[in-house]
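Coordinates in review
Here is how the chains run, residue by residue.
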Amino acid sequence: MENEKLQKVLARSGFGSRREMERWIEEKRLTINDALATQGDRVGPSDKVTLDGRKIDLVFSGHVPRRVLIYNKPLGEVCTRHDPEGRPTVFDSLPPLKQGRWIVVGRLDINTTGLLIFTTDGELANLLMHPSAQIDREYAARVLGEVNDEMLERLKQGVLLEDGMAKFTDVRFFDGEGANKWFHCVLMEGRNREVRRLWESQGIQVNRLKRVRFGPVFLPSEVKVGTWRELSQKECNMLAAEVNLDVDRVKFVRTPAQKDEDVRRYKNQKVRQVAKGGDQNRPQKAEKPKKRPRSVGKRGAGR
């Protein structure tokens, strides 16, 4: 096996983007076999790499299969590994790994529910989150207030927020009567609270928000709130193709005992509308997805 560029291996191993790894090299935080790393250095499985003086484990191409799972986040969970306030995190319910770690693709705030993607491939995670990938995110938003066509057009044309211009690439009425109505809206980026802030710019309050799609990945109805499902290798390869990443030819082979353990763990998942210790406002019936969910943000449609 040929050696690989250090920043590429670090990104795949989940330490950050390639650009960030290049910055770490410039900051002299990394060593290879006790010598300071430089731009363009290549490493292999036999090399010893340290970060800030501590030896780190790296994932090399062809050694560990790419794994991806989808998770239906409940209210009250935070998207960090360890929360200083002791709140439940999205990592608490994931299946354990013997090699590598789960890396979250994008984040949702504590009061937003729905689709989260996790992968063991740091390079895939970074590419999916990078703005240049132009991956669209679709949300179901329950809003309080009178929404008219002129308002929807402004939201699609662009609104100046405190951190710059923002817009929905698509926004459509979905369901509901009376004061509260559901809209599906699509963004091409993931700025902090962007969906809520866009609606608030029009004097409209968002009282429920759920992500239902990330690029080609929909939140399926069988993945209940608080549970996860691992994608097949074919599904993983389709997702990687979205960001022009090579097909993973390493199969994740489970022993019979591992298969039994995976089945047991999957069946024992607990459906949770609200995380323990989180927001006690239960989701409304209107949140349940249709039998045939539609996408309002497929790339190239109507643009």
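Scope of this entry: the structure provided in the associated data block.

Conventions adopted
- Residues numbered from 1 in each chain as written.
- Predicted model: local features only at pLDDT ≥ 70, side-chain atom pairs only at ≥ 80, totals over all residues.
- Heavy atoms only, no water.
- Core = buried A, V, L, I, M, F, W, Y, C linked by side-chain atoms within 4.5 Å.
- Buried < 20%, exposed > 50% of the residue type's maximum accessible area, 1.4 Å probe, protein only.
- Helix = DSSP H or I, 4+ residues; strand = E, 2+ residues; numbered from the N terminus.
- Domains from an automatic or database assignment.
- Contact = heavy atoms within 4.5 Å.
- Salt bridge = Lys/Arg side-chain N within 4 Å of Asp/Glu carboxyl O.
- Phe/Tyr/Trp six-rings, centres within 6.5 Å; stacked < 30°, edge-to-face > 60°.
- Lys NZ or Arg CZ within 6 Å of the ring centre and 35° of its normal.

1. Overview of the nonpolar core
Core analysis: the biggest nonpolar cluster contains 33 residues, and Phe118, Phe168 and Trp199 have the highest contact counts within it. When residues of this core are traced back to their parent elements, those giving at least two are β7 (68-73), β9 (113-119), β10 (137-144), α4 (149-157), β11 (159-161), β14 (180-187), α5 (194-200) and β15 (205-214). Domain assignment of the residues forming this core places at least three in each of domain 2 (63-135 + 215-250) and domain 3 (139-211). Contact partners of phenylalanine 118, with chain neighbours within four places excluded, come to Arg67, Val68, Leu69, Tyr71, Val90, Phe91, Leu94, Trp102, Ile103 and Val104. Phe214, Val217, Leu219 and Leu245 belong to the second-largest nonpolar core, a separate cluster that totals 21 residues.

2. Digging into the pattern of salt bridges
In the structure shown here, the tally under the stated rule is 22 salt bridges. Taking the shortest distance from any N to any O, the salt bridge between glutamate 138 and arginine 213 comes out at 2.8 Å. Residue glutamate 138 is located in strand β10, and its partner arginine 213 is located in strand β15; the two are separated by 75 residues in the primary sequence. Given the relative accessible area of 0%, glutamate 138 is considered buried. For arginine 213, a relative accessible area of 2% puts it in the buried group. Put simply, Glu162, Asp163, Glu189, Arg191, Glu194 and Arg197 are held in one network by salt bridges that share partners.

3. Considering the packing of aromatic side chains
Considering all chains together, one arrives at five aromatic pairs under this definition. Between phenylalanine 173 and phenylalanine 183, the ring centres sit 5.7 Å apart and the planes meet at 75°, which makes this aromatic pair edge-to-face. Placement of phenylalanine 173 in strand β13 (residues 170-175) and of phenylalanine 183 in strand β14 is noted, with a sequence separation of ten residues between them. Exposure remark for phenylalanine 173: the relative accessible area of 41% places this residue in the partly exposed category. Aromatic pair phenylalanine 183 and tryptophan 199: ring centres 5.4 Å apart, planes at 55°, arrangement tilted. Here phenylalanine 183 is found in strand β14, whereas its partner tryptophan 199 is found in helix α5, with 16 residues between them in sequence. The same class applies to phenylalanine 183 as to tryptophan 199, namely buried. An aromatic cluster is defined as three or more aromatic residues linked by ring pairs; in this entry it consists of Phe168, Phe173, Phe183 and Trp199. We note arginine 29 situated over the ring of tryptophan 24; from NZ or CZ to the ring centre the distance is 4.4 Å.

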